[in-house]
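Understanding the architecture of this molecule
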Amino acid sequence: MFRLGIVQRAPGPVEKVVDMVAGARADLIILPEYSLFDPTGMGPEEVWSNASALDKFAEGLAKIAAETGAYVAGAFLERGPRPRVYNTTVLVEPGGGVVGLYRKTHLFDAYGYRESDVVEPGAELSQIYDVRGVKVGFAVCFELRFPEVFRELALGGAQLVAVPAAWYSGPLKEETLHILARARAVENGVYVAVAASYSQRFTGRSLVVNPFGVVEAELGVGERFRVVEVDPSLVEEARRTVPVLNLRKPHLYKRTCGCDEHGNGRQVATA
């Protein structure tokens, strides 16, 4: 079994996570989006001033990795060309070295909020990383609303899509979070794990969904940490039982596919 740690907490110093996860046995630990601070209501200059450099954030994740012996991933606002920032997910290995980097591509310009006013989008989807034998890809928060993102990752070999999130509260928003996570899992035969921020502004309700769309774990509300066992063989079983990836007809998807002349989707590199 693959042991997946989910951190649910409010934005703040990463060092505090070390106490939350002390003594945990996990293969991969995921932190929420906006790990360091909440940028809501800030202008570009203020966000940029509060944003962090990549190496500094990676140092914080490395402390968690050193405590647990796990791979650790989390999303933060990374300083870019002033006054722009990137919404960046970093993956570090147990020794603390950075082995993966993904900059959010689909920005949250919805419900009257404009993430694109301060954040520069990334140029490509997540690569697929081999984390102790499990193929892991990343998406961030709002990207749960884009089936194409998860389909591309599944076609690239992902068995687990880790989703750092800061899901804004609001009428039925928690319901929407869970519906989207379950849909992305079942339509691709892939595990989806959402590590969600929790505060007065953000919902919490982190969850792990298996490839059949069943919620294996849900963290509810409050600042919490949980280790969930993930069975990679269930991905193979789901894709064998419901082989939607093989039954696709890409030549019919002319408006959404982005395929080449042979109907082949973009291949995601394996690190």
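Structure: see above.
Below you will find a few notes about this structure. Computed from a predicted model, the values in this text were never measured in an experiment.

Rules behind the numbers
Within every chain, residues take consecutive numbers counted from 1 along the sequence as written. For a predicted model such as this one, the threshold for reporting local features is a pLDDT of at least 70, and the threshold for listing and counting side-chain atom pairs is 80 or more; totals across whole chains, interfaces and linings nevertheless cover every residue. Only hydrogens and water are set aside when side-chain values are computed; all heavy atoms of the structure are taken into account. Put simply, DSSP marks the helices as runs of H or I at least four residues long and the strands as runs of E at least two long, and each gets a number from the N terminus on. C-alpha atoms define the radius of gyration, and 2.2 Å times the number of residues to the power 0.38 defines the globule rule. Partly exposed describes any residue whose relative accessible area lies between the buried limit of under 20% and the exposed limit of over 50%, with all areas from a 1.4 Å probe on protein chains only and scaled to the type maximum. Contacts are assigned to residue pairs that have any heavy atoms within 4.5 Å of one another. Surface exposure here means Shrake-Rupley accessible area, sampled with a 1.4 Å probe, where a residue is shielded only by the protein chains that are shown. The criterion for strand pairing is that DSSP finds at least two bridges linking the strands in question. To obtain each axis, a line is fitted to C-alpha atoms, and for helices this fit is confined to the stretch in contact; angles are then taken between N-to-C directions over 0 to 180 degrees. Expected span of a helix, by definition, is 1.5 Å for each gap between consecutive residues, and there is one gap fewer than residues. The arc in question is the one spanned by the directions pointing from the helix axis to the C-beta atoms. Here a Phe, Tyr or Trp ring, Trp counted by its six-membered ring, pairs with any other such ring whose centre lies within 6.5 Å, and the pair is stacked when the planes are under 30 degrees apart, edge-to-face when over 60, and tilted otherwise. Nonpolar cores are built from buried Ala, Val, Leu, Ile, Met, Phe, Trp, Tyr and Cys residues. Side-chain atoms within 4.5 Å join them into one set. Residues form patches when they are more than 30% accessible in relative terms and have no salt bridge. Like charges link within 9 Å. Nonpolar side chains (Val, Leu, Ile, Met, Phe, Trp, Tyr) link within 5 Å. Only one rule defines a salt bridge in this text: a Lys or Arg side-chain nitrogen within 4 Å of an Asp or Glu carboxyl oxygen.

Counting its regular elements, the chain contains seven helices and 14 strands. Taking 18 Å as the expected radius of gyration for a compact globule of 271 residues, we find that the chain reaches 18 Å, a close match to that expectation. For the chain, with 271 residues in total, the buried portion stands at 53%. Sequence-distant contacts, at least 24 apart, represent 67% of the contacts inside the chain between residues at least 6 apart. Here the chain displays about 11800 Å² of accessible surface, and carbon together with sulfur accounts for 50% of that area.

Bringing the sheet that holds strand β4 (residues 85-92) into the picture now. Spatially, the six strands line up as an open sheet ordered β5-β4-β3-β2-β1-β14, and their pairing is mixed. At either margin of the open sheet sits one strand with a lone partner, and together these are β5 (98-103) and β14 (224-230). The mean inter-strand angle of the sheet, taken between neighbouring strand axes irrespective of direction, is 25°. Relative to β4, strand β3 (residues 71-79) runs antiparallel, the two sharing eight bridges. When the sheet's bridge partners are listed, valine 72 is paired in β4 with valine 92. Sitting on the sheet, helix α3 (residues 54-68) touches β2 (28-30), β3, β4 and β5, and the angle it makes with β3 is about 160°.

With 14 residues, helix α5 (residues 173-186) extends 20 Å from end C-alpha to end C-alpha; this agrees with the ideal 20 Å at 1.5 Å per step. The set of residues buried in α5 consists of Lys173, Leu177, His178, Leu180, Ala181, Arg184 and Ala185. Angularly, the buried residues of α5 cover 165° about the axis, an arc narrow enough to put them on a single face. Looking at the buried positions of α5, the neighbouring elements they touch are α4 (147-155), β11 (191-196), β12 (207-209) and β13 (215-218).

So, on to the sheet that holds strand β9 (residues 134-138). In spatial order, the strands read β8-β9-β10-β11-β12-β13; together these six strands make up an open sheet with mixed pairing. The sheet is open, and its two edges are formed by β8 (129-131) and β13, each paired on a single side. Strand-to-strand twist of the sheet, defined as the mean angle between neighbouring strand axes without regard to direction, takes the value 25°. Across six bridges, strand β10 (residues 160-165) lies against β11 in parallel orientation. Following the sheet pairing, alanine 165 is matched in β11 by alanine 196.

As a further point, take the packing of aromatic side chains. For the structure shown, the criterion picks out ten aromatic pairs. Each ring, one from tyrosine 113 and one from tyrosine 168, has its centre 5.5 Å from the other, and the planes form 45°; the classification is tilted. Taken together, the positions of tyrosine 113 in strand β7 (residues 113-114) and tyrosine 168 in the loop between β10 and α5 put the pair 55 residues apart, joining distant regions of the chain. With respect to class, tyrosine 113 is no different from tyrosine 168; both count as buried.

Right, let's talk about the nonpolar core for a bit. Leu4, Leu28, Leu144, Leu160, Val192 and Val194 are the most contacted members of the largest nonpolar core, which has 50 residues in total. The biggest single contributor to this core is β11, with six residues. For leucine 160, the contacting residues outside a window of four places in its chain are Phe2, Leu4, Leu28, Val134, Lys135, Val136, Gly137, Val190, Tyr191 and Ala193. The next biggest cluster of nonpolar side chains, apart from the first, holds 18 residues, and it includes Leu31, Ala58, Leu61 and Ala70.

Okay, unusual backbone geometry next. With an omega of 5°, the peptide bond between arginine 82 and proline 83 qualifies as cis. Tracing the chain through its elements places proline 83 in the loop between β3 and β4. Phi is positive for tyrosine 111, close to 55°, though the residue is something other than glycine. The topology assignment puts tyrosine 111 in the loop between β6 (109-110) and β7. For tyrosine 111, a relative accessible area of 59% puts it in the exposed group.

Below, the discussion takes up a nonpolar patch on the surface. Residues Phe212, Val214 and Val242 make up a contiguous nonpolar surface patch of roughly 220 Å² in combined accessible area. Position of phenylalanine 212 among the secondary structure elements: in the loop between β12 and β13. Judged by relative accessible area, phenylalanine 212 falls into the partly exposed class, the value being 32%.

This part takes up the pattern of salt bridges. A side chain of one charge can pair with a side chain of the opposite charge if their charged atoms are brought near each other. What the rule picks out here adds up to 15 salt bridges. Notably, a salt bridge pairs arginine 103 with glutamate 78, separated by 2.9 Å at the nearest N-O pair. Of the two residues, arginine 103 is situated in strand β5 and glutamate 78 in strand β3; the sequence distance between them amounts to 25 residues. Under the relative-accessibility criterion, glutamate 78 is labelled buried at 7%. The salt bridge involving lysine 104 is made with glutamate 115; its shortest N-O contact spans 3.0 Å. One end of the pair, lysine 104, is in the loop between β5 and β6; the other, glutamate 115, is in the loop between β7 and β8, with eleven residues separating them in the sequence. Each of the salt bridges in this network shares a partner with another, and the network as a whole consists of Glu33, Lys104 and Glu115.

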